[in-house]
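Residue strings, one per chain:
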Amino acid sequence: MSAIGVLVPFWVPEGKATLGLGLALLLRDHLKLAVRDFRVAQLYGHVDDGPARVVEAMVTPEQWAALARDSAPTSPVGIVMTGALEPPTDEPGLLLIAAFDPATGREIVRIERELDEESAGATLASSLSEVRGAFPGLEVNLGALASLEWTTLEYLIRAEVAAAHDPIRNERSDMMAALTYLGRAIDVQPEVTTSAEKLAALALDLGGGADARMTAAALRAVVMALDDAPLRAELIEAAATLMALAGEAIRAEILLNEAVARQPAHGKFYALLSMSLRAQGKLDAADAVLNKGVEVDPTEALLALERGEVRSMRGDQSGAVAEWLAVLTGASDVRAFDRLAAFANEKKDMGLAQTLVDYALTRAEAAPPRLFRAAIALAYATEGEDLARAARLEKLLRAALVHIPDDLWVLLHLAQELARLNQCDEALRLLARVDATASNTPLGAESARVRFRAENGAAAAEVDALVRDAYEAGDDALPSLLERTSQAAEQYPVWSAQLAHAIILARLERQSDALRFLKRALDSGKGSPMVHHALGRVLVELDAPAEALPHAERAIALGGDAPAAFALLAEVLARVGRIEEARTIASQLAAAGHRELLRGDVFEPGDSPKEKGTLFSRLRETYRRWLR
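Residues numbered from 1 in each chain as written. Predicted model: local features only at pLDDT ≥ 70, side-chain atom pairs only at ≥ 80, totals over all residues. Heavy atoms only, no water.

This brings us to the overall build of the protein chain. The helix and strand inventory of the protein chain stands at 30 helices and 11 strands. In the protein chain, which comprises 628 residues, the share counted as buried stands at 50%. In the protein chain, the share of contacts with a sequence separation of at least 24, taken over all contacts with a separation of at least 6, comes to 58%. Working note: accessible area of the protein chain is about 27900 Å², and carbon and sulfur atoms make up 52% of it. (Helix = DSSP H or I, 4+ residues; strand = E, 2+ residues; numbered from the N terminus. Buried < 20%, exposed > 50% of the residue type's maximum accessible area, 1.4 Å probe, protein only. Contact = heavy atoms within 4.5 Å. Areas by Shrake-Rupley, 256 points an atom, 1.4 Å probe, with all protein chains shown as cover.)

This paragraph deals with the confidence of the model for the protein chain. Mean pLDDT over the protein chain works out to 84, with 88% of the residues at or above the 70 mark. Confidence scores differ between elements of the protein chain, with helix α30 (residues 615-627) showing the lowest mean pLDDT of 51 and helix α11 (residues 283-296) the highest of 95. The low-confidence segment residues 605-613 (pLDDT under 50) makes 13 contacts with residues lying over four places distant or belonging to another chain. (pLDDT = per-residue confidence, 0-100.)

Nonpolar side chains tend to gather and get buried jointly when the protein is soluble and globular. Counting residues in each nonpolar core, the largest one holds 139 residues, and the members touching the most others are Leu124, Leu235 and Phe337. Setting aside anything within four residues of it in sequence, one finds Leu235 in contact with Ile186, Ala196, Leu199, Ala200, Val222, Ala225, Leu226 and Ala229. Core analysis: the next-biggest nonpolar cluster, separate from the first, contains 60 residues, Leu478, Ala534, Leu568 and Ala570 among them. (Core = buried A, V, L, I, M, F, W, Y, C linked by side-chain atoms within 4.5 Å.)

All right, on to the environment of Phe517 then. On the secondary structure map, Phe517 appears in helix α24 (residues 511-525). Exposure remark for Phe517: the relative accessible area of 4% places this residue in the buried category. Setting aside its immediate chain neighbours within four residues, Phe517 contacts Ala489, Glu490, Gln498, His501, Ala502 and Leu505.

In this section: helix α19 (residues 424-438). The first and last C-alpha atoms of α19 sit 20 Å apart over 15 residues, in line with the 21 Å expected at 1.5 Å per residue. Looking at the buried side of α19, the elements it contacts are α18 (408-420) and α20 (442-455). Positioned one or two residues after α19, Asn440 has a phi angle of 65°, which is positive. (Expected span 1.5 Å × (residues − 1).)

Now for unusual backbone geometry. Even without glycine at this site, Lys348 takes up a positive phi of about 55°. Here Lys348 is to be found in the loop between α14 (334-347) and α15 (350-361). Not every positive phi belongs to a glycine, and Glu509 is a case in point at roughly 60°.

Further remarks concern the pairing of strand β6 (residues 77-86). The side chains of a regular strand alternate, residue by residue, between the two faces of the sheet. With 9 of its 10 residues buried, β6 lies for the most part within the structure. Pairing of strand β1 (residues 4-7) with β6, which is carried by 4 bridges, proceeds in the parallel orientation. Along β6, the bridge assignment pairs Ile4 with Val77. Taking the residues that link successive antiparallel strands as the turn, the β6-strand β7 (residues 93-100) hairpin has 6 residues. (Pairing = 2+ DSSP bridges.)

Before going further, it helps to spend a moment on the packing of helix α9 (residues 249-262) against helix α10 (residues 267-279). Running from N to C, α9 and α10 point in directions that differ by 155°, and their axes come no closer than 9 Å. Relative to α10, the element α9 lies roughly antiparallel. Crossing of α9 over α10 shows left-handed handedness. Contacts between α9 and α10 pair Ala249, Ala252, Glu253, Leu256, Asn257, Ala259 and Val260 from the former with Phe269, Tyr270, Leu272, Leu273, Ser276, Leu277 and Ala279 from the latter. Here the residues of the contact of α9 with α10 sort into 11 nonpolar, 2 polar and 1 charged. (Axes fitted to C-alpha atoms, helices over the stretch in contact; angles between N-to-C directions. Parallel < 35°, antiparallel > 145°, perpendicular 65-115°, else oblique. Left-handed = near helix turned anticlockwise from the far one by under 90°. Nonpolar A, V, L, I, M, F, W, Y, C, P; charged D, E, K, R; others polar.)

Spelled out as C-alpha cells, the structure:
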C-alpha cells in the first residue's frame, strides 16, 4: 500500500482556536501524495475541566513517533506536515510550515513567512510550492489560493471547520454556519472559484435530505450568493436543483432559461431545465431540451441521466436502465449508480443488484467513496443474510476503507461481517476504534451489539431473533416468548436482550416491569433510538409525560426524522401542555402521509377521536419504520 500524508492542525495563538484545524482541513483538499489523499490528525485533549477539543500544536518528529506507537496506524505514513498560523492584524502575521519524514525524523522542509492582509493567499500558495519542490511525489493543487485576501481565506478556513465531520458527535459540525462563512467569502471576493464550488456542494448536501426546512435554508444561502456572483455556474446548478427539491419547478425553469440564454454551451443547464420541465409533466418539452443539450455538449453525463428519468416517467423502464448503465460504464458515476440501485431495490431486481455490487467490487481503486456506500447499502437491502453476502460485503467494506479509513459506519459494518465470518479478533479491534469516538451514539449502540455477536455468536443470533419476535409475534406466542426473553435478559448484558424482554412485558401491559428492563438497556444502549423510543412510550402509558419527554427528544436526535419518533414527541408535548408545538408536528406528519401515527383525541379536539391504538401496535410500527 502506498504511503499517506498527514496534516496536524497548526498551532494558533490564544483566542484563535479552530483556525489551525481549519487550515489543515483546507490544505487537505489541495495536497496529494502519489495516489493517496492527505488526512488530518484530529487529536483530542481537555483544557482544565472543559470538553474535549482538537489539539492545535506544532508536533515534533519525536512527539509524532510517540503518538504513532500509541495509535497503531493502519497505513504507512510518508510525510507529516505541521506548522503555525498567526493571523495578520494591524501588523503582519506569521505562516510557518514544517514537513518531516516520520520514519527517520528528518525534517524535509521548514518555511517561515510573514502573512499580510492583501497577499495571504499568495504567501500560502508560494509556501506550498516550495514544499512540493522539497518533497518528490507530493502533488499540490494551488487552485485559487493565490488570489485570496486574508479575510476571504479566514472565511474559507472557518467554513472548513464548520463543515467538518465531528467524530465525537458522529455528524457534521454546523453546516448552516459553513454556508454563512462561504457566503461572506463570496461577498468579499465573488471572483474566487473555490468559495462558490464549496458553497454549492455543501448546500446540495444539506438540502438533499428529507427535511424541507434544511432544503429551504440551503436554497436561501445559494440565492443570496447568486446576488454577489450571478454568473457562477455552480451556484446556478445548485439553486435549480434545490428549487426542484423544494417543489418550485416553475421558479427553476425561469432561472435556467436565463442561464441558458447567457451560457448556451453549458450542458448541465439543459439537463436541469429538463428536470424542471419533467416535474411539471412537460415531457415533450423536456425531450426537446435534452436533444439541444446533447448537440452543444455531447459528453455531459447529466444529460444521459436525465434522459433516463424522462424515459422512466414515460414507462420505458428498460430504456431508462440502458441510459443509466451507459453512463455508469463510461465512468464511476455515483448518480447513475444511485439511480440504478434505487430501481433495483424498488423493483426487487436481484440480477441488476448483483451486477451493481459486482461493479463496485471490481473498481476498488478507482470508484469514489460514496459509490461504495451505495453498493454496501444495496447488498444489505437485496441479498440474503448468509456467509456469501458476508464475504462480498467484507470485500466492499475493505475497499471503502482504502478511501475513507476512519469512517465509523464502514468500520462498524466491517466488524459485523468479520464477526459473521468468525474473524472475531479483527472485528473486536475495529470495534475498539468505533467505541473510542462513538459512545452514546447509534453507532456506539450497534457496536455493543456487534461486540456481543463477536464474543457470543450463537447467543447473538438468538437475541436478534428475540427482538424481531418481540415486535412481530402474535399474542398467543407471548407466554413462551416471555420465558425466553426473561432468560436472555438475565443471562446477557447487551441492550438488545433487555429491549426484547421489555417489549414483551409492555405487550402484556406490565409497564412498570418493562420500564425496569428498559433502564437496564440504557447501560449499553444509550445511543439506541429504539431504546429511548420504547422508554418514552412506556412512560406515557405510565402517565409520566414529563419523564417521557427527554427520551422522546433523544430518540429523534439519535434516529433522525423517523416519523414514529416525531409522533411520540407530539403526543408527549401535548400531554405536558405544549399543545401548539404538538399540533405543528402533527400537521407536518399528516402532510407527509403519516396520519395513521397520530392520536385524534389529542390533535383534533374538534373531531370525534380516532382509535387510540395499543401500546404494542405503536411500538411495532416504530420498529418496522426504523428497520426501513
